[in-house]
Amino acid sequence: MERKNRDDLAWEEVEVEHIVQDEWIDFRRSAYRLPDGSVFEPYYSYSRRDYVVIVASDCEGNYLCVRQFRQGIREVTTEFPAGGVERSDGREYGAGGQRGVAEEELAAAQRELLEETGYSSGEWAHLLTVPSHATIADNYAHIFAAKNCRRVGGQNLDETEFLNVELHTAQEIEDLIRTGGFQQAVHVMAWLLAKENNSLKVPGISATRKQYHSL
(Lines give C-alpha, C1' and ligand atoms only; values in the text may rest on other atoms or scores of the structure.)
Protein backbone atom coordinates (compact mmCIF):
# COMPACT_ATOMS: atom_id res chain seq x y z
CA MET A 1 0.00 0.00 0.00
CA GLU A 2 1.43 3.37 -1.03
CA ARG A 3 1.08 6.19 1.49
CA LYS A 4 0.92 9.88 0.63
CA ASN A 5 3.31 10.92 3.40
CA ARG A 6 6.30 8.60 3.28
CA ASP A 7 7.82 10.29 6.37
CA ASP A 8 4.87 9.41 8.63
CA LEU A 9 6.55 6.28 9.96
CA ALA A 10 5.83 6.37 13.71
CA TRP A 11 4.05 3.43 15.33
CA GLU A 12 1.39 4.20 17.97
CA GLU A 13 1.33 2.02 21.07
CA VAL A 14 -2.34 1.22 21.69
CA GLU A 15 -2.00 -1.43 24.40
CA VAL A 16 0.73 -2.50 26.81
CA GLU A 17 1.08 -5.30 29.34
CA HIS A 18 3.94 -5.24 31.85
CA ILE A 19 4.91 -8.91 31.94
CA VAL A 20 7.73 -8.35 34.43
CA GLN A 21 8.12 -5.03 36.24
CA ASP A 22 10.45 -5.00 39.23
CA GLU A 23 13.53 -3.08 40.32
CA TRP A 24 15.63 -4.81 37.64
CA ILE A 25 13.61 -4.60 34.42
CA ASP A 26 10.34 -3.52 32.84
CA PHE A 27 9.59 -6.20 30.24
CA ARG A 28 6.55 -5.30 28.12
CA ARG A 29 4.17 -6.89 25.61
CA SER A 30 2.65 -4.20 23.39
CA ALA A 31 0.20 -3.77 20.53
CA TYR A 32 1.07 -1.08 17.97
CA ARG A 33 -0.97 0.68 15.32
CA LEU A 34 1.18 0.80 12.18
CA PRO A 35 1.37 3.77 9.78
CA ASP A 36 -1.15 2.09 7.46
CA GLY A 37 -3.70 1.78 10.30
CA SER A 38 -3.35 -1.94 10.92
CA VAL A 39 -2.50 -3.25 14.40
CA PHE A 40 0.49 -5.50 15.06
CA GLU A 41 0.95 -7.60 18.21
CA PRO A 42 2.70 -8.90 20.19
CA TYR A 43 5.79 -6.69 20.22
CA TYR A 44 8.17 -7.25 23.12
CA SER A 45 10.46 -4.55 24.51
CA TYR A 46 12.13 -3.68 27.79
CA SER A 47 13.58 -0.86 29.90
CA ARG A 48 16.97 -1.04 31.61
CA ARG A 49 19.18 1.69 33.01
CA ASP A 50 21.76 3.58 30.98
CA TYR A 51 25.36 2.40 31.16
CA VAL A 52 28.90 3.55 30.45
CA VAL A 53 31.76 1.95 28.48
CA ILE A 54 35.33 3.14 29.04
CA VAL A 55 38.20 2.79 26.54
CA ALA A 56 41.05 3.33 29.01
CA SER A 57 44.81 3.23 28.51
CA ASP A 58 47.61 3.31 31.07
CA CYS A 59 50.80 5.39 30.99
CA GLU A 60 52.56 2.74 28.86
CA GLY A 61 49.88 2.74 26.19
CA ASN A 62 48.25 -0.56 27.20
CA TYR A 63 44.47 -0.83 27.31
CA LEU A 64 42.54 -1.89 30.39
CA CYS A 65 40.20 -4.79 29.70
CA VAL A 66 38.19 -7.16 31.85
CA ARG A 67 37.31 -10.83 31.48
CA GLN A 68 33.92 -11.96 32.73
CA PHE A 69 31.07 -14.38 32.02
CA ARG A 70 28.22 -13.12 29.85
CA GLN A 71 24.99 -15.02 30.37
CA GLY A 72 23.41 -14.21 27.01
CA ILE A 73 26.03 -16.06 24.99
CA ARG A 74 27.16 -18.25 27.92
CA GLU A 75 30.81 -17.42 27.37
CA VAL A 76 33.65 -15.64 29.14
CA THR A 77 34.46 -12.54 27.12
CA THR A 78 37.12 -9.85 26.94
CA GLU A 79 35.75 -6.31 26.93
CA PHE A 80 36.28 -2.79 28.25
CA PRO A 81 35.31 -1.74 31.79
CA ALA A 82 31.62 -0.84 31.86
CA GLY A 83 28.69 -0.52 34.20
CA GLY A 84 25.31 0.99 34.92
CA VAL A 85 24.54 4.63 35.62
CA GLU A 86 23.01 4.51 39.08
CA ARG A 87 19.58 6.01 39.69
CA SER A 88 18.71 7.81 42.90
CA ASP A 89 15.62 5.62 43.38
CA GLY A 90 17.72 2.44 43.21
CA ARG A 91 15.90 1.01 40.20
CA GLU A 92 17.73 -0.50 37.27
CA TYR A 93 15.61 1.25 34.64
CA GLY A 94 13.68 4.40 33.78
CA ALA A 95 9.94 4.57 33.19
CA GLY A 96 9.07 3.96 29.55
CA GLY A 97 11.96 5.95 28.15
CA GLN A 98 11.92 8.65 30.83
CA ARG A 99 15.48 8.78 32.05
CA GLY A 100 14.73 10.14 35.50
CA VAL A 101 17.20 11.33 38.12
CA ALA A 102 20.46 9.46 37.71
CA GLU A 103 24.14 9.60 38.53
CA GLU A 104 25.98 11.87 36.08
CA GLU A 105 27.51 9.83 33.26
CA LEU A 106 31.13 10.94 33.65
CA ALA A 107 30.95 10.22 37.39
CA ALA A 108 29.60 6.77 36.56
CA ALA A 109 32.49 6.14 34.14
CA GLN A 110 35.07 7.20 36.72
CA ARG A 111 33.45 5.05 39.39
CA GLU A 112 33.19 1.96 37.18
CA LEU A 113 36.80 2.20 36.03
CA LEU A 114 38.01 2.47 39.62
CA GLU A 115 35.76 -0.28 40.99
CA GLU A 116 36.42 -2.81 38.22
CA THR A 117 40.15 -2.24 37.70
CA GLY A 118 41.55 -0.18 40.60
CA TYR A 119 42.76 2.41 38.05
CA SER A 120 41.99 6.12 37.90
CA SER A 121 42.58 8.88 35.35
CA GLY A 122 42.52 12.68 35.24
CA GLU A 123 42.09 12.86 31.46
CA TRP A 124 38.70 11.93 30.06
CA ALA A 125 36.75 12.47 26.84
CA HIS A 126 33.14 11.67 25.98
CA LEU A 127 33.05 9.95 22.60
CA LEU A 128 29.37 9.28 21.94
CA THR A 129 26.00 8.47 23.48
CA VAL A 130 23.89 5.98 21.51
CA PRO A 131 20.81 3.82 22.08
CA SER A 132 21.90 0.48 23.48
CA HIS A 133 19.48 -1.54 21.33
CA ALA A 134 17.03 0.79 19.61
CA THR A 135 14.79 -2.00 18.32
CA ILE A 136 13.75 -3.45 21.68
CA ALA A 137 15.23 -1.31 24.49
CA ASP A 138 15.03 2.34 25.56
CA ASN A 139 18.33 2.75 27.44
CA TYR A 140 21.51 4.47 26.24
CA ALA A 141 25.22 3.66 26.22
CA HIS A 142 27.60 6.50 27.10
CA ILE A 143 31.06 5.88 25.66
CA PHE A 144 34.17 7.48 27.18
CA ALA A 145 37.93 7.40 26.62
CA ALA A 146 40.48 7.87 29.41
CA LYS A 147 44.25 8.06 29.12
CA ASN A 148 47.29 7.86 31.42
CA CYS A 149 45.37 5.69 33.87
CA ARG A 150 47.26 4.77 37.05
CA ARG A 151 46.56 2.05 39.54
CA VAL A 152 45.48 3.60 42.83
CA GLY A 153 43.98 0.60 44.62
CA GLY A 154 42.36 -2.80 44.28
CA GLN A 155 39.05 -3.86 42.80
CA ASN A 156 35.81 -3.10 44.61
CA LEU A 157 33.30 -5.44 42.97
CA ASP A 158 29.61 -6.06 43.54
CA GLU A 159 28.61 -9.42 45.01
CA THR A 160 27.68 -10.81 41.58
CA GLU A 161 30.77 -9.46 39.78
CA PHE A 162 33.59 -11.91 39.08
CA LEU A 163 36.09 -10.45 36.66
CA ASN A 164 39.81 -10.35 35.95
CA VAL A 165 41.72 -7.30 34.74
CA GLU A 166 43.96 -7.65 31.69
CA LEU A 167 46.25 -5.24 29.87
CA HIS A 168 46.28 -5.44 26.07
CA THR A 169 48.12 -3.60 23.34
CA ALA A 170 46.15 -1.97 20.53
CA GLN A 171 47.22 -4.78 18.18
CA GLU A 172 46.04 -7.43 20.63
CA ILE A 173 42.60 -5.80 20.80
CA GLU A 174 42.47 -5.72 17.00
CA ASP A 175 43.34 -9.42 16.92
CA LEU A 176 40.73 -10.25 19.58
CA ILE A 177 38.03 -8.47 17.60
CA ARG A 178 38.95 -10.22 14.37
CA THR A 179 39.10 -13.67 15.98
CA GLY A 180 35.83 -13.35 17.92
CA GLY A 181 37.36 -12.92 21.37
CA PHE A 182 36.06 -9.38 21.91
CA GLN A 183 32.34 -9.85 21.41
CA GLN A 184 30.38 -6.98 22.93
CA ALA A 185 29.02 -4.97 19.98
CA VAL A 186 28.93 -1.58 21.74
CA HIS A 187 32.49 -2.18 23.00
CA VAL A 188 33.71 -2.88 19.47
CA MET A 189 32.03 0.34 18.36
CA ALA A 190 33.72 2.16 21.26
CA TRP A 191 37.10 0.93 20.04
CA LEU A 192 36.43 2.06 16.48
CA LEU A 193 35.23 5.47 17.68
CA ALA A 194 38.29 5.91 19.87
CA LYS A 195 40.66 4.97 17.06
CA GLU A 196 39.11 7.47 14.64
CA ASN A 197 39.40 10.51 16.91
CA ASN A 198 42.63 12.44 17.35
CA SER A 199 42.39 15.22 19.91
CA LEU A 200 42.88 13.14 23.08
CA LYS A 201 46.13 11.61 21.75
CA VAL A 202 45.69 8.28 23.54
CA PRO A 203 47.99 5.66 21.94
CA GLY A 204 46.01 4.50 18.92
CA ILE A 205 42.85 6.35 20.00
CA SER A 206 41.47 9.75 21.00
CA ALA A 207 38.32 11.86 21.14
CA THR A 208 36.83 15.05 19.69
CA ARG A 209 33.72 15.66 21.78
CA LYS A 210 33.63 16.71 25.44
CA GLN A 211 37.00 16.62 27.16
CA TYR A 212 37.57 16.60 30.90
CA HIS A 213 40.89 17.18 32.64
CA SER A 214 42.10 16.78 36.23
CA LEU A 215 38.81 15.38 37.49
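Here, the structure is the one placed above.
Calculation notes
- Along each chain, the written sequence defines residue order, and numbers are assigned to residues from 1.
- Only residues with pLDDT of at least 70 get local features here, since the model is predicted, and only at 80 or more are side-chain atom pairs given and counted; chain-wide, interface and lining totals rely on the full set of residues.
- Only hydrogens and water are set aside when side-chain values are computed; all heavy atoms of the structure are taken into account.
- Axis definition: a line fitted to C-alpha atoms, limited for helices to the stretch in contact. Angles are taken between N-to-C directions and run from 0 to 180 degrees.
- A run of H or I in DSSP becomes a helix once it reaches four residues, and a run of E becomes a strand once it reaches two; helices and strands are each numbered from the N terminus.
- Each angle is binned into one of four classes, with values under 35 degrees roughly parallel, values over 145 roughly antiparallel, values of 65 to 115 roughly perpendicular, and all other values oblique.
- When the near helix sits turned anticlockwise from the far one by under a right angle, the crossing is termed left-handed; a clockwise turn instead gives a right-handed crossing.
- Working rule for contacts: check all heavy atoms of both residues, and any pair within 4.5 Å makes them a contact.
- The nonpolar class holds Ala, Val, Leu, Ile, Met, Phe, Trp, Tyr, Cys and Pro. Asp, Glu, Lys and Arg form the charged class, and all remaining residues, Gly among them, are polar.
- Definition used in this section: a nonpolar core is a set of buried Ala, Val, Leu, Ile, Met, Phe, Trp, Tyr and Cys residues joined via side-chain atoms within 4.5 Å.
- Here the term buried applies to any residue with accessible area under 20% of the maximum for its type, exposed to any over 50%, and partly exposed to those in between, with areas from a 1.4 Å probe on protein chains only.
- Pairs of N or O atoms are called polar contacts if they sit within 3.5 Å, as long as, within protein, a hydrogen donor faces a hydrogen acceptor (for residues adjacent in sequence, only side-chain-to-side-chain pairs).
- Two strands pair if DSSP finds at least two bridges between them.

(A) The packing of helix α2 (residues 170-178) against helix α3 (residues 185-196), seen in detail. It is the contact of α2 with α3, at a shortest axis distance of 12 Å, that shows an interaxial angle of 140°. Considering their axes alone, α2 and α3 lie oblique with respect to each other. When the axes of α2 and α3 are compared, the crossing they make is left-handed. Contact residues: Ala 170, Ile 173, Glu 174 and Ile 177 in α2; Val 188, Trp 191 and Lys 195 in α3. When its residues are assigned to classes, the contact of α2 with α3 shows five nonpolar, no polar and two charged.

(B) Molecular detail of the nonpolar core. Counting 21 residues, the largest nonpolar core has Val 53, Val 55 and Phe 80 as the members making the most contacts within it. Among the elements of the structure, β4 (51-58), β5 (63-70), β9 (123-131), β10 (140-151), α2 and α3 are those that each provide at least two residues to this core. The next biggest cluster of nonpolar side chains, apart from the first, holds 14 residues, and it includes Ile 54, Leu 106, Ala 109 and Phe 144.

(C) Spotlight on the side chain of Asp 50. Tracing the sequence through the fold places Asp 50 in the loop between β3 (39-47) and β4. Here the side chain of Asp 50 touches Tyr 140 through a polar contact of 2.9 Å, landing on its backbone nitrogen.

(D) Structural context of the environment of Cys 149. Relative to the helices and strands, Cys 149 is located in strand β10. Residue Cys 149 is classed as buried on the basis of its relative accessible area, which comes to 2%. Setting aside its immediate chain neighbours within four residues, Cys 149 contacts Ala 56, Ser 57, Asp 58, Cys 59, Leu 64, Leu 113, Tyr 119, Ser 120 and Ser 121.

(E) The pairing of strand β1 (residues 12-21), seen in detail. Both β1 and strand β2 (residues 26-33) contribute to a ladder of eight bridges, which runs antiparallel. Each bridged residue has a counterpart across the sheet, and for Glu 13 the counterpart in β2 is Tyr 32. The turn joining β1 and β2, which pair antiparallel and follow one another in sequence, is formed by four residues.

Geometric descriptors of this kind do not, in isolation, establish any biological role.
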